[in-house]
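Listed below, chain by chain, are the residues.
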Amino acid sequence: MNAKQGDRLATGVIYTLVGVVIATLVFLLGYILFQGVPHISWRFLTTASSNMTAGGGIRDQLFNSLYLLVLTTIISVPIALGAGIYLSEYAPHNAVTSFVRSAIEVLSSLPSIVVGLFGYLVFALKFNLGFSVLTGAIALTVFNLPILTRNIEESLEDVPNLQREAGLSLGLSRWRTTTKIVLPTAIPGILTGIILSAGRVFGEAAALIYTAGQSNINVSYTDWNPFNASSFLNPMRPAETLAVHIWQLNTEGVTPDAKAISAGASAVLIIVILLVNLGARGLGGLVYRRLTGKQAKGAA
């Protein structure tokens, strides 16, 4: 076998493996959407769930998932951004930073059920937060922070050093060079990490069973005061998410249409994650163009 034949063989193998991955993904998404989309309706999305009778919806679970996603992002992104900037631009290369990076790698591989139990023991019991949206958001921050920090650090390190040297040669401080030159260039990679972590957060179930809880209280969607117990914005109320609801329907569901509700909720979960990904990609491209004046690679 000559070099050209070997190259063709290797290329064929790579294309075959990529095709298998894409076909598997398309099959899984197609199966979930095919089974669930017929059960989705406006009533299904805007009706409260039912524990005993048929005809329930996923209104509260869908909102709880989005609410938890927003709170987790608000908490985790600033912390991860600061940690990533420090590790990439300021931290010296010594044993301490090597240990920190190793700790981040270890934390990023923790099973979500372990994070959930940690959140339950520390935040729900020790800090007396109970089963609440806030407890779930903090637990998801612990779950999400290592991966997000590592992604931001790698995105910043991918920026060529020539850009840093150009900023410093113009008399800019390291901080202004980082915030005005390096950070805008790294925005596409950072947004990709945020998008991927958002998908993980939105679809997480194990960590939320022990933190946000498996039940809902009757809330008013017209009460915008988060300090009221009946407000839908109250972060101290228990909140069953969409992923937890799907798990509960398939393990403990007693309603006659539990399978149909589970299929519809699964399809909604997939559709929302796809919309978040596409919307965030478009937003990332817009922000990148505003900050740099040029088109981001792969931006919508």
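Residues numbered from 1 in each chain as written. Predicted model: local features only at pLDDT ≥ 70, side-chain atom pairs only at ≥ 80, totals over all residues. Heavy atoms only, no water.

> Any details on the pattern of salt bridges? Residues and values, ideally.
According to the stated counting rule, one finds six salt bridges in the structure shown. Between glutamate 89 and arginine 164 there is a salt bridge whose closest N-O contact spans 2.8 Å. With glutamate 89 in helix α3 (residues 59–90) and arginine 164 in helix α7 (residues 161–169), this pair connects stretches of sequence that are 75 residues apart. A relative accessible area of 13% places arginine 164 in the buried class. Across the pair arginine 101 and glutamate 153 runs a salt bridge, and its minimum N-O distance is 2.7 Å. In this pair, arginine 101 sits in helix α4 (residues 95–108) while glutamate 153 sits in helix α6 (residues 133–157), placing the two residues 52 residues apart along the sequence. Here the two residues arginine 101 and glutamate 153 agree in accessibility, since each one is buried. Sharing partners across several salt bridges, the network here consists of Arg101, Glu105, Arg150, Glu153 and Glu154. (Salt bridge = Lys/Arg side-chain N within 4 Å of Asp/Glu carboxyl O. Helix = DSSP H or I, 4+ residues; strand = E, 2+ residues; numbered from the N terminus. Buried < 20%, exposed > 50% of the residue type's maximum accessible area, 1.4 Å probe, protein only.)

> I'd like a rundown of the nonpolar core, residues and numbers included.
Of all hydrophobic cores here, the largest spans 36 residues; its most connected members are Ile58, Leu68, Leu140, Leu242 and Val268. Contact partners of leucine 68, with chain neighbours within four places excluded, come to Val133, Gly136, Ala137, Leu140, Leu208, Ala212 and Thr241. Listed in part, the 13 residues of the second largest apolar core include Val77, Leu145, Val159 and Ile190. (Core = buried A, V, L, I, M, F, W, Y, C linked by side-chain atoms within 4.5 Å. Contact = heavy atoms within 4.5 Å.)

> Now, about the environment of glycine 264: what can you tell me, with residues and values included?
Examined against the element boundaries, glycine 264 turns out to sit in helix α11 (residues 258–292). Under the relative-accessibility criterion, glycine 264 is labelled buried at 0%. Taking the C-alpha atoms as reference points, glycine 264 and glycine 189, 75 residues apart in sequence, are found 33 Å from one another. Filtering out sequence-adjacent residues up to four positions away, glycine 264 remains in contact with Gly36, His39, Ile40 and Phe44.

> Report on the packing of helix α5 (residues 112–126) against α6, specifying residues and quantitative values.
Running from amino to carboxyl end, α5 crosses α6 at an angle of 135 degrees, the nearest separation of the two axes being 9 Å. Put simply, α5 runs oblique to α6. As for how α5 packs across α6, the hand of that crossing is right-handed. Between α5 and α6, the residues in contact are Ser112, Val115, Phe118, Gly119, Phe123 and Ala124 and Thr135, Ile138, Ala139, Val142 and Phe143, respectively. (Axes fitted to C-alpha atoms, helices over the stretch in contact; angles between N-to-C directions. Parallel < 35°, antiparallel > 145°, perpendicular 65-115°, else oblique. Left-handed = near helix turned anticlockwise from the far one by under 90°.)

> Describe the packing of aromatic side chains, and please don't skip the residues or the numbers.
Under the defined criterion, the tally for this structure stands at nine aromatic pairs. Geometrically, the ring pair formed by phenylalanine 27 and tyrosine 31 is stacked, given 6.3 Å between the ring centres and 25 degrees between the ring planes. Taken together, the positions of phenylalanine 27 and tyrosine 31, both in helix α1 (residues 3–36) and four residues apart, correspond to about one turn of that helix. Overall, the relative accessible area of 48% leaves tyrosine 31 in the partly exposed class. (Phe/Tyr/Trp six-rings, centres within 6.5 Å; stacked < 30°, edge-to-face > 60°.)

> So what about the side chain of threonine 211? Which residues, and what values?
By the element assignment, threonine 211 lies in the loop between α9 (206–209) and α10 (242–252). What makes threonine 211 buried here is its relative accessible area of 0%. If sequence neighbours within four positions are ignored, threonine 211 has contacts with Gly116, Gly119, Tyr120, Gly130, Phe131, Ser132, Thr135, Gly136 and Ala139.

> I'd like a rundown of unusual backbone geometry, residues and numbers included.
Here the phi dihedral of asparagine 128 falls at roughly 60 degrees; this positive angle occurs in a residue that is not glycine. Tracing the backbone shows asparagine 128 in the loop between α5 and α6. By relative accessible area, which is 66% here, asparagine 128 ends up exposed.

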